Structures are given as structure tokens and as C-alpha cells.
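# Coordinates in review
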Amino acid sequence: MAKGVSAADDVDIVKGEVLYDDGTHRFIWLGWEEHEEEGLVQVNQYLIENKGTGILLDPGGIHVFPRVVANTSRYIDLGRIQHIFFSHQDPDVSSGIALWLSVTPAKIHLSKWWVRFLPHYGMFDMSRIVPIEDNGGRIQLSSGDSLELIPAHFLHSVANFHVYDPKSKILFTGDLGAAIFPKGGRYPFVKDFDSHIRLMEGFHKRYMASNSVCRKYMDKVLKYDIEMIAPQHGAIFKKEHVKRFWDWFSGLRCGSDIINEIY
Ligand SMILES: [Fe+2]
Ligand SMILES: [Fe+2]
């Protein structure tokens, strides 16, 4: 495990957990609601704190807003949230945009293909939107550090990005790596990879576009040194499971590969 990376097993799932801390840079999982609700997909939000500047990754919608605000405020003043990243357009990712713009001075980073849909979430101030081009790029932070935006189109959204943090070496993968827990069966870190696959399979087979897309993405992502994979749903993968995850994912038959099963 790299310097600064932590992830204790006795995690407070309501308050969240610091995944990495080197004294000037932190990567924080922001926890879950105390009570699991039937019919609601459980979501993960993350805060990166870099030398006094905050970046939120997929902070989500109205339902989780009070808890995400409370847990973010444990680590940084909301007035210091300079950037909010949305991996894609889905409501569990970005429907709280108007609320977040009202309580932070942040710029919003989102694929250029989804910008025109934002007014439907009640957001009309385009001066605070930074559209991401298809080839990705980076979010430049005021400290001089930056975060890398990795294209992950069609996994599942047609215009979709992941974030690689070079300091913590944590890869935020949005819906990729998502697991759907049965009620009462949630856990924040993957322990048994084989049993965890069963919680990921259905989601990935139906929501991801095709194996050719999976492999296209893998061509890009394998060049990164990754300590953890942090998805927007389900559990976080520590270093010992990263290679197994890629092995599973690169062989996945999904979407158009199994179209006859779907129609
Ligand atoms: Fe999604
Ligand atoms: Fe999602």
C-alpha cells in the first residue's frame, strides 16, 4: 500500500473514511445514509482535499444532499469547494446541481454532450460550467496539482469520464465497478472478490455497452498505477483486487454482446 493510503476495516459507514492522507492532500469517501431504503440504489460520493481546496466527485441528488453536505463540512468549508465533477448525466450523479451551486462557489466539470440537459435539473448559470471534451483532459487545481479526466464513454453513459488522482493513485470510476447490495448486506470495501462479482454482474451486463468498449477503455486505463478503484455504487477495491477487477471486466460480455438475451 502506498504512503498515506489507509482504509481501516472498522469503518464508520455514516461518517465515511479517509482513503488517503499525505498531510497536504486527502481523498475521502463520504459515507452512507444510516438506514438503507428499499428501492433506492446506494451511492458513494468522494471529496478530494488538496492544500485547502475541495473537489467533489459525483455528489448526487436531493435525497443524499444533507448527509453529503454534513460529511463534506467535517473536512472542509463549503466555500472552499472549487470544483465539482460529474461523471455523467444520471440523477444519482448530478440532479443536485442547483443545490450545490447555491452552497459552494464551485465550477462544474461535465461532458460537453450533457451541458444542454442541465437546465432540466434547475440549473441555468452556464458561466459556472466547464464542458469536458471527448478526449478528457485535467482539472487544474490552484496549488499546481491536477486531476486527470479519463474517457470512459459508453460505460455506461454515452459521454462519461473517470477521474485519476495522481497523488493518491485512486481511480474514481463512476458506475464502472458498481455493485448492488441486498438490503442488510452492504460493506464499504471489497473483501471476497469472488462473491462480490455476483453483486456486480447483473448491473454491468445490462448497463455497459459492449465488450469492445470495455477493451477500448482498458487500453487507456492500464497505463495508470492504481492503488484503489473507487466506484459510485457498491464497495471500494483495494490494491490487491485491482488486477482481478480488470481481468474480470476485460472479459465481460455485456450490452450489445448479449442483445438477444435483452430483447
Ligand atoms: Fe449512471
Ligand atoms: Fe450511478
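A brief structural summary. (Residues numbered from 1 in each chain as written. Chains lettered and ligands numbered in written order. Predicted model: local features only at pLDDT ≥ 70, side-chain atom pairs only at ≥ 80, totals over all residues. Heavy atoms only, no water.)

### Describing the sheet that holds strand 1 (residues 17-21)
The seven strands are arranged 1-2-3-4-5-6-7 in an open sheet whose pairing can be described as mixed. Where the open sheet ends on each side, the last strands, each with one partner, are strand 1 and strand 7 (129-132). Along the sheet, successive strands turn relative to each other by an average axial angle of 20°, direction set aside. One ladder, built from four bridges, connects strand 4 (residues 53-57) with strand 5 (residues 81-85); its direction is parallel. Across the sheet, residue Ile 55 finds its bridge partner in strand 5, namely His 83. (Pairing = 2+ DSSP bridges. Helix = DSSP H or I, 4+ residues; strand = E, 2+ residues; numbered from the N terminus. Axes fitted to C-alpha atoms, helices over the stretch in contact; angles between N-to-C directions.)

### As for the packing of aromatic side chains
All chains considered together, the criterion is met by 17 aromatic pairs. Ring centres 6.2 Å apart and planes at 85° place the aromatic pair Phe 85 and Phe 172 in the edge-to-face group. In this pair, Phe 85 sits in strand 5 while Phe 172 sits in strand 11 (residues 170-172), placing the two residues 87 residues apart along the sequence. Here Phe 85 and Phe 172 have matching classes, each one buried. Through pairs of rings, three or more aromatic residues link up here, namely Phe 193, Tyr 217, Phe 237, Phe 245, Trp 246, Trp 248 and Phe 249. (Phe/Tyr/Trp six-rings, centres within 6.5 Å; stacked < 30°, edge-to-face > 60°. Buried < 20%, exposed > 50% of the residue type's maximum accessible area, 1.4 Å probe, protein only.)

### Remarks on helix 6 (residues 239-250)
For helix 6, spanning twelve residues, the distance from its first C-alpha to its last is 18 Å, which sits close to the expected 16 Å at 1.5 Å a residue. Those residues of helix 6 that fall on the buried side of the exposure criterion are His 241, Val 242, Phe 245, Trp 246, Trp 248, Phe 249 and Ser 250. Looking at the buried residues of helix 6, the elements they touch are strand 11, helix 4 (193-207), helix 5 (211-221) and strand 12 (228-230). (Expected span 1.5 Å × (residues − 1). Contact = heavy atoms within 4.5 Å.)

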